[in-house]
Amino acid sequence: STLIIGGVLILVLLLFFFIKVTNDPLKKFSNQVGKNDMSGAIQVYSDKIKGGKQREREAGEIILYNLQEIKGLYTDEKIEYDEAIEKINEVKKIGIQTTVSTTVVTYINKLKESRIAYEKAEEYLKGNYLSDALDNYKKVIKEDKNYQVAQTKIIENREVKSRLTDNKDVEVFIFLWFVVS
C-alpha cells in the first residue's frame, strides 16, 4: 500500500512537472524561435509574455542568444550571407532587441565586404596588380578568418611594390636621360 501511494505520488509529481514545463510561455517562445517559427513566437510573446517585465526581459535574452548564434554561424561560415540576413529579418518581426538586430546586420555586412575584399585581393595578386591587391588586403577586418593572412601579404607585397617602384623610377630616369641627351 505504501508502494502504491509512493508510485501514485511520483506519477502525480511527474505529471505536474510535465504540465508546468509544456505550459511555460518562455519555453514555448524559445522553442518557436529555435525552430525559426516567428509567427508562433510572436503569438506566444503577445499572448503570454508581453506586459510581464521579467518575462519580457527573459524573452529578450532568448532573442539576444539567437542573434548571437546567427552571427557566430555566419562568422564560422556555417551559413551563407543571405540565410543569415533572412534569419535576422525573421527575428526582427518579433519586435524586441531591434537595436541588437541592426548591430548584427551591420557586423555581417562588414564581414561580407571583408571576404569580398580578400577574394579580390587574391585575384589582383595573381594578376600582378600589387597596388590593387594591397588596397583590398587592407579592407580585411580582424573578425575575418583571413585577417592574419592578409596582414602577412600586405607586409610581403609592400616590400615587393617598393622595389618595383624604385626600379620603375630608375627606368624612367634612364629613359629620360637617353631622350634628353
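Here, the structure is the one placed above.
Please read these numbers as outputs of a predicted model, since none were measured by experiment.

Asker: Account for the overall build of the protein chain, with residues named and values stated.
Answerer: When helices and strands are tallied, the protein chain shows eight helices and zero strands. Listing the helices and strands of the protein chain from first to last along the sequence gives α-α-α-α-α-α-α-α. Buried residues in the protein chain amount to 28% of all 181 residues. In the protein chain, the share of contacts with a sequence separation of at least 24, taken over all contacts with a separation of at least 6, comes to 55%. As displayed, the protein chain has an accessible area near 12,600 Å², and 57% of this comes from carbon and sulfur atoms.

Asker: Describe the packing of aromatic side chains, listing the residues and the values that go with them.
Answerer: Across all of its chains, the model carries four aromatic pairs by this definition. Ring geometry for Tyr74 and Tyr81: centres 6.2 Å apart, planes at 70 degrees, overall edge-to-face. Tyr74 sits in the buried class, given a relative accessible area of 4%.

Asker: Give a description of unusual backbone geometry that names residues and reports values.
Answerer: Of note, the phi angle at Glu77 is positive, near 60 degrees, even though the residue is not glycine. Considering the arrangement of structural elements, one finds Glu77 in the loop between helix 4 (53-75) and helix 5 (81-92). The backbone of Asn128 shows a phi angle near 65 degrees, a positive value even though the residue is not glycine. Examined against the element boundaries, Asn128 turns out to sit in the loop between helix 6 (98-126) and helix 7 (130-137).

Procedures and definitions
Residues numbered from 1 in each chain as written. Predicted model: local features only at pLDDT ≥ 70, side-chain atom pairs only at ≥ 80, totals over all residues. Heavy atoms only, no water. Helix = DSSP H or I, 4+ residues; strand = E, 2+ residues; numbered from the N terminus. Buried < 20%, exposed > 50% of the residue type's maximum accessible area, 1.4 Å probe, protein only. Contact = heavy atoms within 4.5 Å. Areas by Shrake-Rupley, 256 points an atom, 1.4 Å probe, with all protein chains shown as cover. Phe/Tyr/Trp six-rings, centres within 6.5 Å; stacked < 30°, edge-to-face > 60°.

That is the geometry; function is a separate question.
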